[in-house]
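Breakdown of the fold
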Protein chains: 2
Amino acid sequence: MLDVAIIGGGPAALSAALNCRQRNKTVKIFGRSLDSSLLYAAEKVDNYLGIPNVTGEELLNQFYAHALKNGVEFQECRISQILSMGDYYVVNAENQFIEAKAIILAIGLSKSRGIPGEMEYLGKGVSYCATCDGMLYRGKKVLVVAENGEGEAEANFLADICQEVSYLPLYQPVTALKENVKVLEGKPVLVEGNEAGVTGLKVGEEIFGCDGIFFAKNSMPPESLLFGLNMEGKNIAVDRRMATSLPRVYAAGDCTGAPYQIAKAVGEGLVAALSAAADIDQMEREKK
Amino acid sequence: MLDVAIIGGGPAALSAALNCRQRNKTVKIFGRSLDSSLLYAAEKVDNYLGIPNVTGEELLNQFYAHALKNGVEFQECRISQILSMGDYYVVNAENQFIEAKAIILAIGLSKSRGIPGEMEYLGKGVSYCATCDGMLYRGKKVLVVAENGEGEAEANFLADICQEVSYLPLYQPVTALKENVKVLEGKPVLVEGNEAGVTGLKVGEEIFGCDGIFFAKNSMPPESLLFGLNMEGKNIAVDRRMATSLPRVYAAGDCTGAPYQIAKAVGEGLVAALSAAADIDQMEREKK
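Every value quoted in this text rests on a predicted model; they were computed, and no experiment measured them.

A short note on the UniProt feature "domain: FAD/NAD(P)-binding" (unreviewed entry) in chain A
The sites that UniProt annotates as "domain: FAD/NAD(P)-binding" (unreviewed entry) are residues 3-145 and 178-269 of chain A. Taken as a whole, residues 178-269 of chain A contains 13% helix and 36% strand, while its terminal C-alpha atoms sit 42 Å from one another.

So, in structure tokens, the structure goes:
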């Protein structure tokens, strides 16, 4: 079991990981490639104290090298869900399940809250994880809306369980779908439903009736990643220790709110790491 | 008038100053020399992301050079008091009075809350500024307790006003006292007083009766630096914007609480600077 699983890949994640290592904790970063960070594209950065006048790419590479040198591991993947198991958490990294005593969310700016109805029907027909929830739709009609190729494996898995699986790709090309998965075209507009849950998805002007909708997303709205996580508007709610509403779950960087700046992210990453290390130590003392 | 006066000299102050410059604000740091920072003595620092494995001295020099390159000015001095003038503040820098629209306190760990009775009788016989309060003791008996040579000028000034001035130096050597100032020896233990205010100072086992005691300190307890500043224990109370209880006064770094780490200080310095810049802009828009 890991001491700390860090979800992210930007400055906050790297600073948190570096400082977990400094406290002798095992740590792994689960994130997308460095070049997907917004910082990577920055032409000039001159306000991170001590490193004047660099490109975002140079700075990220310096950050990454520093973390690796201290034993930080990095796994390039998408995280669809994190489950609380009481005194530890399970991270679903593309259907590999990783256990960790503490979680640090450094997931950056949440780009979207999804389409209308998506949050409303989360857990009532909307899901972000076929492996977790697929069995609930045995013999039923489901739809997979995918921002990336991960969705194909999800759809194929569902095709073995469900009566009918349709697939709405928001990317190109689609390469590995089973034959009994029907491919749709168009832009998802609205999740439809009633008191019992989801009844369909509006795609363009058309409505496709279904019992469940699985979204395979590039980035997840934080509150759907981790059940019970309190938000303040679109930011993850944190205290001065960077602790969230859930035990041993911390957040750092842009996902906690403005200013969206490197030094803030790096500082919060450090604080989150030290809080995580201290809280893990305390939990383990209490167990003895 | 300065846009922002920063009190400090460590990583939080330098990051705040750098980021004020980035927002095109005039800024000056009022602080002690770099080598008085606790960081200066650190043999090895390896957890400030991006700058692996340096000495504290190297890192501070890198920080300092980055700030200077961006037009940050630095004045080596001690600050004894900051006064609110409504829509601006006046900083007393060794009896030079500097006006600023906003203040960032990056004063590090408050080393002492003083001796017993010191805070209790603050403003009732205890003062940190002879220039400000000396006239209140015209014709009376006062004592100056000095951690540094600044105290000699204070004592000499008081010697022109007061009936009797005694001087208790906590440093060596004493070089420039007027002849009518009496030099004491020993360790200050306790401020004595009654409902009317200070009655004397206990030095070792002996009590010296007096009407007022002036302390010349290397670092000031924050709440005596700035009237009305709310504390949380020994930390300056701040919100997530690093705003204190006073308008356009911010705090950053060790003075806001643990962890006492560079990345936290640098991040908070940035946040304080951006908050100050935004609040100054808003105040000026409202004036129009």
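There is more to say, and it comes next.
Overview of the packing of helix 1 (residues 11-22) of chain A against helix 6 (residues 262-287) of chain A
Residue and element names in this part refer to chain A. At a closest axis distance of 7 Å, the pairing of helix 1 and helix 6 adopts a crossing angle of 35 degrees. Seen from above, helix 1 lies across helix 6 with right-handed handedness. Counted together, Pro11, Ala12, Ser15, Ala16, Asn19 and Cys20 of helix 1 and Ile262, Ala265, Val266, Gly269, Leu270, Ala273 and Leu274 of helix 6 form the full contact between these two elements. Among the residues making up the contact of helix 1 with helix 6, the classes are represented as 10 nonpolar, three polar and no charged.

Some thoughts on the domain arrangement of chain A
Often, the extent of an interface is quoted as the loss of accessible area on bringing the components together. All names here are of chain A. When the domains of chain A are assigned, the result is domain 1 (2-111 + 220-287) and domain 2 (126-216). Using C-alpha coordinates to define each centre, domain 1 is positioned 30 Å away from domain 2. Contacts between domain 1 and domain 2 engage 10 residues on the former and seven residues on the latter. Together, the buried faces of domain 1 and domain 2 total about 690 Å²; carbon and sulfur atoms form 55% of this surface. Between domain 1 and domain 2 we count one salt bridge in total. For the salt bridge of Arg78 with Glu150, the shortest nitrogen-to-oxygen distance reads 3.8 Å. At the boundary of domain 1 with domain 2, the tally comes to zero residue pairs in polar contact (both at pLDDT 80 or more). Partitioned by chemical class, the residues of the side of domain 1 that touches domain 2 number three nonpolar, five polar and two charged.

The rules we used
- Residues numbered from 1 in each chain as written.
- Chains lettered and ligands numbered in written order.
- Predicted model: local features only at pLDDT ≥ 70, side-chain atom pairs only at ≥ 80, totals over all residues.
- Heavy atoms only, no water.
- UniProt positions renumbered as here; feature names shortened; annotations may be inferred.
- Helix = DSSP H or I, 4+ residues; strand = E, 2+ residues; numbered from the N terminus.
- Axes fitted to C-alpha atoms, helices over the stretch in contact; angles between N-to-C directions.
- Left-handed = near helix turned anticlockwise from the far one by under 90°.
- Contact = heavy atoms within 4.5 Å.
- Nonpolar A, V, L, I, M, F, W, Y, C, P; charged D, E, K, R; others polar.
- Domains from an automatic or database assignment.
- Buried area = accessible area lost by both parts, 1.4 Å probe.
- Salt bridge = Lys/Arg side-chain N within 4 Å of Asp/Glu carboxyl O.
- Polar contact = N/O pair within 3.5 Å; in protein donor to acceptor, adjacent residues only side chain to side chain.

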